[in-house]
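Reading the structure
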Amino acid sequence: LSSAEIPQSLSRHPQIVALGEGTYLMTALSCCREEADDLSEPGDPHALIAPFARRNYYGEAVSRMKRVVRALCGNHGFSKQELRIFSNSPLPEKALAVFSGLGSYGKNTLILIPGMGSLFVIAGLFVPAPVFGIPKPRKRPAGGCPAADRETAAGDAPFRLCGSCRACQDACPVDALEQAGRLDDSRCLQALCTEPRPFSEAARRAWAFRFYGCQSCQDVCPHNRGLGVQTDTRRGELGPSLSLGNLLSLSPERLREYLKASALARSWIPPRTLLRNALLAAGNRRDPTLLDVVVRRCSDPDPLVAQAARWARRQLSIVAGGPGN
């Protein structure tokens, strides 16, 4: 996608402006894998991780994009300093993916690619020059996009891969997709899971057994059925679930070290929010084997963690027959 082809509203994005004129190469790396979603065993309940975070697919995508950088440097005379790889970055990656022809917006605001559904991560490369020899799509794919981008897709059929389907909207446990293509970040569990603030009572219960990420809208999407494309990587592997007893025994510092090199080792994911998430999962599990470790967290010096622990203790006390205070 040439910067000259970027619609005017998108071209004003500060990250786009900072890069200047050039070409965007957009790719997708599958995070689909056939595996169990929950490794809990009797006496060892787990908290669940969404598929895109079970391995460091972002890191894998960047690693593979570095091969392209080496080829461009070796064959076209670029220097590494001139080229920028991005994945899970401040750049408007989804919009760039749509306008490059990689995919179309779905009603849940995620990108859909035939044969890959929405189970992938996006990676891109900015080259400060025209790039030749790359086939262009014959026609920009029609695909509806979130309200902020609709003017940039004038003439496109909205959500062309979705049709009348509203499975993702109906499946959202917190009704964050009441309007197709418009996500309510104040409700979305995926958006909330790294926010350092308490959940509402409804969000606590909707959080269920999760540790990180929400896939409800993707789990029901027809485009995510029968996918065969998988990525062979163990980079930053966490697996589909983690032991709650182990997670809740860790300090924020030790938790950060435990998650090192994983997709959760991001500066903008505070360990305290992950501990809060684990405590909410423990409360919803209502497994009495977790009561002791939850009670110890009730005196945590971090109010966010302590409040979640007190809520979890009340849920566990219901099972144990205690007063729940």
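Model, not experiment: these values are computed from the prediction. (Residues numbered from 1 in each chain as written. Predicted model: local features only at pLDDT ≥ 70, side-chain atom pairs only at ≥ 80, totals over all residues. Heavy atoms only, no water.)

Some remarks on the nonpolar core
Heads up, the condition is: Throughout this description, the term nonpolar core refers to a set of buried Ala, Val, Leu, Ile, Met, Phe, Trp, Tyr and Cys residues connected via side-chain atoms within 4.5 Å. Any residue under 20% of the maximum accessible area for its type is buried, any over 50% is exposed, and the rest in between are partly exposed; the area is computed with a 1.4 Å probe on protein chains only.
One finds Leu83, Leu125, Phe211, Tyr212, Leu264 and Val294 to be the most contacted residues of the largest nonpolar core, which totals 67 residues. If you look at the next biggest cluster of nonpolar residues, it comprises 20 residues, including Met26, Leu96, Phe120 and Phe126.

A look at the confidence of the model for the chain
We apply this condition: Residue-level confidence of the predictor is summarised by pLDDT, bounded by 0 at the bottom and 100 at the top. Only heavy atoms matter for contacts: two residues are in contact if any of them lie within 4.5 Å across the pair.
When pLDDT is averaged along the chain, the result is 91, and 90% of the positions lie at 70 or above. Scored below 50 in pLDDT, residues 137-145 shows 33 contacts in the model against residues more than four places distant or in partner chains. Predicted confidence for residues 147-156 stays below pLDDT 50, and this span has 23 contacts to residues more than four positions away or in other chains.

A word on the side chain of Asn108
Stated precisely, the cut-off is as follows: By the criteria applied, helices consist of DSSP H or I runs no shorter than four residues and strands consist of E runs no shorter than two, each listed in order from the N terminus. Two N or O atoms form a polar contact when they lie within 3.5 Å of each other; inside protein one atom must be a possible hydrogen donor and the other a possible acceptor, and for residues adjacent in sequence the pair counts only when both atoms belong to side chains.
Note on placement: Asn108 falls in the loop between strand 4 (104-105) and strand 5 (111-112). In this structure the side chain of Asn108 is engaged in a polar contact, spanning 3.1 Å, whose partner is the backbone nitrogen of Leu110. In contact with Asn108, not counting residues within four places along its chain, are Cys168, Leu177, Cys217 and Gln218.

As for the sheet that holds strand 6 (residues 120-127)
How we decide: Each pair of strands is called paired provided DSSP finds at least two bridges between the two strands. With axes taken as lines fitted to C-alpha atoms, and helix axes fitted only over the stretch in contact, angles between N-to-C directions fall between 0 and 180 degrees.
Strand order across the open sheet formed by three strands is 1-6-3, with antiparallel pairing between neighbours. With one partner strand each, in any of the chains shown, strand 1 (23-30) and strand 3 (84-86) form the two edges of the open sheet. Between one strand and the next, the sheet's axes are offset by a mean angle of 20°, whatever the strand orientation. Two elements, strand 1 and strand 6, share eight bridges in a ladder whose sense is antiparallel. From the neighbouring strand, Thr23 faces strand 6, where its bridge partner is Val127.

Regarding the environment of His46
Looking at where His46 falls in the secondary structure, it is placed in strand 2 (residues 46-49). A sequence separation of 232 residues divides His46 from Ala278, and the C-alpha atoms of the two residues are 9.0 Å apart. Discounting residues that sit within four places of it in the chain, His46 has contacts with Asp38, Leu39, Ser40, Phe209, Ser241, Leu242, Ser243, Leu244 and Arg285. A distance of 3.2 Å separates polar atoms of two side chains, one belonging to His46 and the other to Asp44.

A closer look at the pairing of strand 2
Looking at chain direction, strand 2 and strand 8 (residues 241-243) are connected through three bridges and run antiparallel. Residue pairing for strand 8: Ala47 is matched across the bridge by Leu242.

Regarding helix 3 (residues 57-76)
The condition that has to hold: For a helix, the expected span equals 1.5 Å multiplied by the residue count minus one.
Over its 20 residues, helix 3 extends 28 Å from the first C-alpha to the last, a length consistent with the 28 Å expected when each residue adds 1.5 Å. Those residues of helix 3 lying buried are Tyr57, Tyr58, Glu60, Ala61, Met65, Val69, Leu72 and Cys73. Among the structural elements, strand 1, strand 3 and strand 6 are those in contact with the buried residues of helix 3. Following helix 3 by one or two positions, Gly77 adopts a phi angle in the positive range, close to 80°.

So, the pattern of salt bridges
The test is simple: The working definition used for a salt bridge is a side-chain nitrogen of Lys or Arg within 4 Å of a carboxyl oxygen of Asp or Glu.
A complete count under the given rule lists 16 salt bridges for this structure. We note a salt bridge from Arg55 to Glu35, for which the minimum N-O separation is 2.9 Å. Of the two residues, Arg55 sits in the loop between strand 2 and helix 3 while Glu35 sits in the loop between strand 1 and strand 2, which places them 20 residues apart along the sequence. Of the residues examined, Glu35 reaches a relative accessible area of 27% and is grouped as partly exposed. Here Glu60 and Arg235 are joined by a salt bridge, their closest N and O atoms 3.0 Å apart. Here Glu60, found in helix 3, pairs with Arg235, found in the loop between helix 8 (216-219) and strand 8; they are 175 residues apart in sequence, far enough to count as distant. Residue classification places Arg235 among the partly exposed residues on the basis of a relative accessible area of 34%.

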